[in-house]
Structures are given as structure tokens and as C-alpha cells.
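# Residue-level structural notes
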Amino acid sequence: MATSEEQYPFAIRPIPNKGYGCIATRPIAPGEIIYQEATIMHIPVPAQTLTETHINTAFAALPESQKESVLGLHEGIHRTDLHSKVMRIFKANTFGDGSACWLHPTISRFNHSCVPNATTHNDPCCLGDEAQIVAEKEIAEGEEIFFSYNNEMYEITTARQRKVLLEKQYGFECDCKACGGGEEGRVRDQRRVLIKALRARLHGLQTSDFRFLDDGGGEENEVAEMDLWVKEVPLKEKLPAEKRVAYNVLLGNLREAEGMPTEDIAVSYWHAAEAMLDQMMQMPDVVVLQWAKNVEHYMEKAIEVNERVRTPYDHESQTLRSAWKAMQSRPCLKVALAFLDGGLKVKGHDLMSVDDEEPFAIQITKTGGLVELYEYECNELFEARDDISVASQEDELPPDGILRTIRKKMSTEKLRSHIASHGVYKVIGAALTCAAPVAAYWMMR
Ligand SMILES: C[S@@+](CC[C@H](N)C(=O)[O-])C[C@H]1O[C@@H](n2cnc3c(N)ncnc32)[C@H](O)[C@@H]1O
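Residues numbered from 1 in each chain as written. Predicted model: local features only at pLDDT ≥ 70, side-chain atom pairs only at ≥ 80, totals over all residues. Heavy atoms only, no water.

Looking up the protein in an unreviewed UniProt entry gives the name SET domain-containing protein, with the organism given as Zasmidium cellare.

### Let's talk about the overall build of the protein
Across its full length, the protein holds 19 helices and 15 strands. The buried share of the protein, reckoned over its 445 residues, is 47%. Long-range pairs, those at least 24 residues apart, make up 64% of the contacts in the protein with a sequence separation of at least 6. Total accessible area on the protein is roughly 22500 Å²; 53% of this is exposed by carbon and sulfur atoms. (Helix = DSSP H or I, 4+ residues; strand = E, 2+ residues; numbered from the N terminus. Buried < 20%, exposed > 50% of the residue type's maximum accessible area, 1.4 Å probe, protein only. Contact = heavy atoms within 4.5 Å. Areas by Shrake-Rupley, 256 points an atom, 1.4 Å probe, with all protein chains shown as cover.)

### A closer look at the sheet that holds strand S10 (residues 144–147)
Strand order across the open sheet formed by four strands is S1-S2-S10-S7, with mixed pairing between neighbours. Whereas interior strands pair on both sides, the edge strands pair on one side only; in this sheet they are strand S1 (10–15) and strand S7 (111–112). Bridge count for strand S2 (residues 19–24) against S10 is two bridges, and the pairing is antiparallel. Within the sheet, the bridge partner assigned to Cys-22 lies in S10 and is Ile-145. (Pairing = 2+ DSSP bridges.)

### Points about the nonpolar core
Met-280, Val-295, Met-299, Trp-324, Met-327 and Leu-333 are the most contacted members of the largest nonpolar core, which has 41 residues in total. Sorting the residues of this core by element identifies helix H10 (241–258), helix H11 (262–281), strand S11 (286–288), helix H12 (289–306), helix H13 (315–328), helix H14 (331–340), strand S14 (361–364) and strand S15 (370–373) as the ones contributing at least two each. Of the residues forming this core, the biggest block, ten residues, is contributed by H11. Excluding anything up to four places from it in sequence, Val-295 contacts Ala-273, Met-276, Leu-277, Met-280, Trp-324, Met-327 and Leu-333. Ile-156, Val-164, Leu-239 and Leu-250 belong to the second largest nonpolar core, which has 24 residues in total. (Core = buried A, V, L, I, M, F, W, Y, C linked by side-chain atoms within 4.5 Å.)

### What about the site of the ligand?
In the vicinity of the ligand lie 15 residues, with Lys-18, Tyr-20, Arg-109, Asn-111 and His-112 positioned nearest. Tyr-20 is positioned such that a nitrogen or oxygen atom in its backbone is 2.6 Å from an oxygen atom of the ligand. One of the side-chain nitrogen or oxygen atoms of Asn-111 is found 2.8 Å away from a nitrogen atom of the ligand. Relative to its unbound accessible area of 560 Å², the ligand is 95% covered by the protein chains. Broken down by secondary-structure element, the contributors of at least two residues to the shell around the ligand are S2, helix H3 (85–93) and S7. Partitioning the shell around the ligand into residue classes produces six nonpolar, six polar and three charged. (Near = heavy atom within 4 Å. Polar contact = N/O pair within 3.5 Å; in protein donor to acceptor, adjacent residues only side chain to side chain. Nonpolar A, V, L, I, M, F, W, Y, C, P; charged D, E, K, R; others polar.)

### Examining the packing of aromatic side chains
A full pass over the atoms with the stated rule returns ten aromatic pairs. One aromatic cluster in this structure is built from Tyr-8, Phe-10, Tyr-35, Phe-95, Phe-110, Phe-147, Tyr-149, Tyr-170 and Phe-172. Of note, Lys-67 hangs over the ring of Phe-59, and the distance from its end group to the ring centre comes to 5.8 Å. When the ring centre of Phe-210 is taken as origin, the NZ or CZ atom of Lys-196, which lies over that ring, is 4.3 Å away. (Phe/Tyr/Trp six-rings, centres within 6.5 Å; stacked < 30°, edge-to-face > 60°. Lys NZ or Arg CZ within 6 Å of the ring centre and 35° of its normal.)

### Some points on unusual backbone geometry
Positive phi outside glycine occurs at Asn-17, with the angle close to 65°. For Asn-17, a relative accessible area of 86% translates into the label exposed. Although it is not a glycine, Met-41 adopts a positive phi angle of roughly 50°. Met-41 sits in the buried class, given a relative accessible area of 5%.

### Quick look at the environment of Thr-49
By the element assignment, Thr-49 lies in the loop between strand S4 (40–43) and helix H1 (52–60). On the accessibility criterion, Thr-49 (45% relative accessible area) is partly exposed.

In C-alpha cells:
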């Protein structure tokens, strides 16, 4: 176990009931690279189809020194399907990306938490076959450093369900704060159930049913990821833009509240901004200023969250920044942001309001002129369009869906009384089936 304490900010130490683990030897700041190392035993086969022969062949091909370090790794559990020590070691320490599996001799010493303070980065474009452990939060000297062994799955399962998954895969019972039960555990479970529902809807799927995990997950040694996803059923209708906005914002908020990795939080806000822009573009001649502000707010949030743990020059930061630049060049957003930035003169129209009231929207006329619209004027315009669209045939994605969203904005009183009589979770439930941004807003208060 070769880590030099001067060179790296952690040491491998025995941890009660966990074998070894990695302890910070000094304070570590968010974004700091804790460790970086190359893979060994890289097997170009997905975990589901990995066989004993694959593992034995890859092990046999290693130089003697690497064989020794593999054999020194944690052996994992004695399952009936894992016949040799090498098999058990590989299963207990394996990393994978859906197309290959591999080991990292030192990174394998980090233990798991469902609320991790670090993440693994292994983007092959930037790191080749290396992986990094990067701090997600402030880590104090003496604190154990954890990453999540499968955040994609664990962020959508309750403590009881994770207990089955972790037991079958690794043979341990997690004692992190998300698995610790009590009131905190209950709130975390509810957040993760919502994250599951939102993620499914955003993928165009009905929510998967994980209740079989509550009953112990069956006789199998391991619950394959395939089993969990194969039950997915596509939604009958495409999710309209206003729901994608609401769901992504809520997903970002829930992930933040749950302390999930910043990369996932940033992606939620980025997708919310994209959906908001899609919503704006369904009505290209009327630019609602608040929607433009929302796009800007969600993108700024995505960039800020991402750069808590990455420099502006990292690949992910560059991707986000160039996505934001591309969005800003869309005519509707460009007009709105230029206007909000301090006035915009187009074809002799001075759009700065004569009084202090900010217009609700800007209308782009047929001749390309720009006209300010105040809220009452918008309502009249939208009502006229609603009347026309009621008469028109039903589209899969009605272009005037957004108009209805604005209407929903008017019914906050109804939501308020709903919360009073049914409680917040009923309202969240309602929002999951008929969400509008205003419902998401209420949920987050
Ligand atoms: C990849 S290894 C991690 C390093 C390992 N503890 C060692 O001694 O080398 C995975 C194994 O560590 C243990 N482990 C990891 N996270 C744990 C946790 N949160 N609680 C208890 N045991 C854990 C389990 O035995 C698991 O099979």
C-alpha cells in the first residue's frame, strides 16, 4: 500500500469493521485532487457478462509485482458464485463503465458512503486510463474520505433497498448518515424516492418499482443492474418543456439537499435552462422576460456549482461555458438579455419603459420591430391564442402549453389551500403528475 503521506493528503489506515480505509492527513479543499492512478487488469467486457475466465486471463497477464498488489486487496465476500480468491478480489474492488471493468490498486482502498465527500473522475478524454479521486466537500484532517460505489443507483434507492444491494454486492452494511435511520434517514429516503421519480420522467420512463428490494431482492447472489432497469416502461406522452423545467429544477434542488456530487447537480440546472429555452422558443414572437432571467439564473447556477470542484479550464467547465454561450446567441434570449442589461434600441424603438414598471414580455412584430408588453396585455394576447388553440386539433406537444403554464401561475391560491389541507407531499405528488414551475416553486419553499 504505497502512499507517501508527504505527497498525498491521506493515509491508508485500519478502520473498525471496514478493513482499511483512507484518512485525510491534512484539511482538503473542495476540488482538490486527492489521488490519481492508472488502471490494472483492464477487461473490455461489461460487468454483466464478465466471467471467471476473463478475470483469470487478465490476472495471469500481469507482471509479478502487480499480481502481488492485487492479491493484497480486500477479498470481499465468500459467495457461492465466486470460486477463487482472485474472483472475489476483483468483484469487491472492480470499477466499470458499462463496456469494461478494471482495478485501481490504491483507489480500491477508499470505502463507500451514500453521502460521499469525494468522487472519482475518469473521463478518458482528459485522463486516458487514469482515474482521480477529487474532494467534493471540505474534508477535515482525520476524517475518512469516501466516494459512492454506484451513485447512479444509490441516489434513487432508500436505505432499506441499498442495504440489500450493498449486502449482495459487497457484503457490508453501510453506516453512513443516509443509512443511519431516524428522522434524517426518513427525509433522505423521501428525497431519493422523488429523485427516482423525476429521473425516470426526464428519461421518458415510468418510475421503476424497486419494492422487490424491500423484500430482500430474491435468491440471487447479486442484483444485476439490468434487473433494476429492465422493468422500465416508456411514458405514453412526451414530457412538455414546462414540465422538464420544473422537474430539472426540483431534481437539482433535491440533489443539492441530499449532498449528491456537484456534477449531477450542475447537469440538472443545465438541463433546466435548456428546457426553459425550449419553452421560450415555442413562442418565438413573444419573449417573456422572466423566462429569460430563469435561463440565465439556471445556467449561472450550473456553472457556479460545477466550478466549486473544478477549474474554469476543466473539460466539464468548458462544456458548460460553451453551452451557455451558444444559448445566449439564440435570438429570443439575446433580445431579452440585451434589454434587461440596460435598454435596447432597434429600428428607432426605445424599449426602456417610461415609468419604472418592467414589461412582462417583448413582442417581436412581423416587421422585426420590438414592442414592450405589460402583463395585462400578455394575458389578453394569450387568451386570444388559447381560444384559437382550443379550436385547433390536439398536438402531441401543444405549442400553447406554455400559455397554460402562465395561467397556472394565477392559481397559487389553489395550491396554497392544497398544501394546507393535504400537506406538502401530496402537493409534490400532484406536481409530479401535472407539474408547472409554480408547483416546483412551492415545493422548494
Ligand atoms: C473497495 S474495498 C474498500 C477498501 C477495503 N475496506 C479494504 O480494506 O481494502 C470494498 C470493501 O470495503 C468494505 N467497505 C467499504 N465501504 C464500507 C462501508 N461504508 N461500511 C463497511 N464496510 C465497507 C467492504 O468490505 C467492501 O467489500
